[in-house]
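One letter stands for each residue in the lines below.
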Amino acid sequence: DQQVKQNSPSLSVQEGRISILNCDYTNSMFDYFLWYKKYPAEGPTFLISISSIKDKNEDGRFTVFLNKSAKHLSLHIVPSQPGDSAVYFCAASEQGNKLTFGGGTRVLVKP
Amino acid sequence: EADIYQTPRYLVIGTGKKITLECSQTMGHDKMYWYQQDPGMELHLIHYSYGVNSTEKGDLSSESTVSRIRTEHFPLTLESARPSHTSQYLCASSEGQPFVETQYFGPGTRLLVL
């Protein structure tokens, strides 16, 4: 039973436009959420995170939104750049314990 | 910049061989993890450790074993490799602060068992 789901396996977006990645979770005890970016043949790298006490966190071109009532979070990348082409994983943890990952969304940014 | 290393990066090996995948981190992190990831799939936690001499099995059943004799070192061993073990293995570590579980990943080991 997947507790963290990324229902869109892939996303294609034009350079300069906004990329919106979505993630849903089922465990209401999750209190910390993260997004990771992964290039082929490399390990995931941490991108941005949000605590459950917030509903938005912004870092440069990346913004994460959290809707606790809907158990939904999203990552916005604007403007999208070709170097953003990668697989993005959302992850969640409960009280600092091990992370549960979603299945990933492959983003392709076209020049 | 996270300092976590994995060797080898790529490994092709025959069925029945014993292999050890190495993972080391220089950040002094207490928590370390092993994940298995097949192409296009989510990361599955197979082992984790909250400190020296502490090891636990993760959510995904695995025939591998781990040890944590030193804080910085968390090797994973397969006693007898099989084609079903073909996958990417990712090691990670974190500081273990409550409510702040940011894990730093190594580059991964791609294992192919023939």
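See the structure above.
Residues numbered from 1 in each chain as written. Chains lettered and ligands numbered in written order. Predicted model: local features only at pLDDT ≥ 70, side-chain atom pairs only at ≥ 80, totals over all residues. Heavy atoms only, no water.

*Asks:* Quick question: what am I supposed to make of the overall build of chain A here?
*Replies:* The secondary structure content of chain A amounts to zero helices and eleven strands. Since a compact globule built from 111 residues should have a radius of gyration of about 13 Å, the 13 Å found for chain A is in line with a globular shape. The C-alpha extent of chain A, read off along each of the three principal axes, is 40 × 25 × 20 Å. Classification of the 111 residues of chain A by burial places 50% in the buried group. Contacts in chain A between residues at least 24 apart in sequence constitute 52% of all its contacts with a sequence separation of at least 6. For chain A, the computed accessible surface area is about 5200 Å², with 48% contributed by carbon and sulfur atoms. The average position of the 12 basic charges and that of the 10 acidic charges among the side chains of chain A differ by 4 Å. (Helix = DSSP H or I, 4+ residues; strand = E, 2+ residues; numbered from the N terminus. Rg over C-alpha atoms; globule rule 2.2 N^0.38 Å. Buried < 20%, exposed > 50% of the residue type's maximum accessible area, 1.4 Å probe, protein only. Contact = heavy atoms within 4.5 Å. Areas by Shrake-Rupley, 256 points an atom, 1.4 Å probe, with all protein chains shown as cover. Lys, Arg positive; Asp, Glu negative; His and termini not counted. Charge placed at Lys NZ, Arg CZ, Asp CG, Glu CD.)

*Asks:* How should the layout of surface pockets be read in this particular structure?
*Replies:* Taking a probe equal in size to a water molecule and rolling it over the atoms shows the remaining empty space. Residue and element names in this part refer to chain A. Approximately 350 Å³ is the volume attributed to the largest pocket. Among the secondary structure elements, those contributing two or more residues to the lining of the largest pocket are β9 (86-93) and β11 (105-110). Partitioning the lining of the largest pocket into residue classes produces seven nonpolar, nine polar and five charged. (1 Å grid on protein atoms, 1.4 Å probe; cavity = no way out; pocket = protein on both sides within 12 Å on 5 of 7 lines; lining within 4 Å. Points joined across faces, edges and corners; volume = space filled by probe spheres on them. Nonpolar A, V, L, I, M, F, W, Y, C, P; charged D, E, K, R; others polar.)

*Asks:* Explain the packing of aromatic side chains here, please?
*Replies:* Aromatic rings considered in pairs are described by the distance between their centres and by the relative angle of their planes. Tallying each qualifying case throughout the model produces eleven aromatic pairs over all chains. Where Y35(B) meets F105(B), the ring centres are 5.5 Å apart and the plane angle is 40 degrees; that geometry is what we call tilted. In this pair, Y35(B) sits in strand β4 (residues 31-37) while F105(B) sits in strand β10 (residues 104-105), placing the two residues 70 residues apart along the sequence. Judged by relative accessible area, which is 9%, F105(B) ranks as buried. Ring pairing ties together the aromatic residues Y36(A), F46(A), F101(A), Y33(B), Y35(B) and F105(B), which thus form one cluster. (Phe/Tyr/Trp six-rings, centres within 6.5 Å; stacked < 30°, edge-to-face > 60°.)

*Asks:* Help me out: how do you make sense of the sheet that holds strand β3 (residues 19-25) of chain B in this one?
*Replies:* Sheets are built from strands paired through backbone hydrogen bonds, the pairs being either parallel or antiparallel. All names here are of chain B. The sheet built from four strands is open, its strands ordered β1-β3-β8-β7 with antiparallel pairing. Taken across any chain shown, the strands that pair with only one partner, and hence form the sheet edges, are β1 (4-7) and β7 (65-66). With three bridges connecting them, β3 and strand β8 (residues 76-78) associate as antiparallel partners. Counterpart to L21 in the pairing with β8 is L76. (Pairing = 2+ DSSP bridges.)

*Asks:* What should I look at first to understand the side chain of S93(B) in this one?
*Replies:* Residues and elements named next belong to chain B. Tracing the sequence through the fold places S93 in strand β9 (residues 87-94). Note on S93: relative accessible area 0%, which makes it buried. At 2.8 Å, the side chain of S93 forms a polar contact with the side chain of H29. Once residues within four sequence positions are removed from consideration, S93 is found in contact with I4, Q25, M27, H29, K31, M32, Y33, T102, Q103 and Y104. (Polar contact = N/O pair within 3.5 Å; in protein donor to acceptor, adjacent residues only side chain to side chain.)

*Asks:* How should I be thinking about a nonpolar patch on the surface in this particular structure?
*Replies:* Residues and elements named next belong to chain A. A grouping of I18, I20 and V78 is seen on the molecular surface, where their side chains present a nonpolar patch of about 230 Å² in accessible area. Here I20 shows up in strand β3 (residues 19-25). Exposure remark for I20: the relative accessible area of 38% places this residue in the partly exposed category. (Patch = residues over 30% accessible without salt bridge, like charges linked within 9 Å, V, L, I, M, F, W, Y side chains within 5 Å. Salt bridge = Lys/Arg side-chain N within 4 Å of Asp/Glu carboxyl O.)

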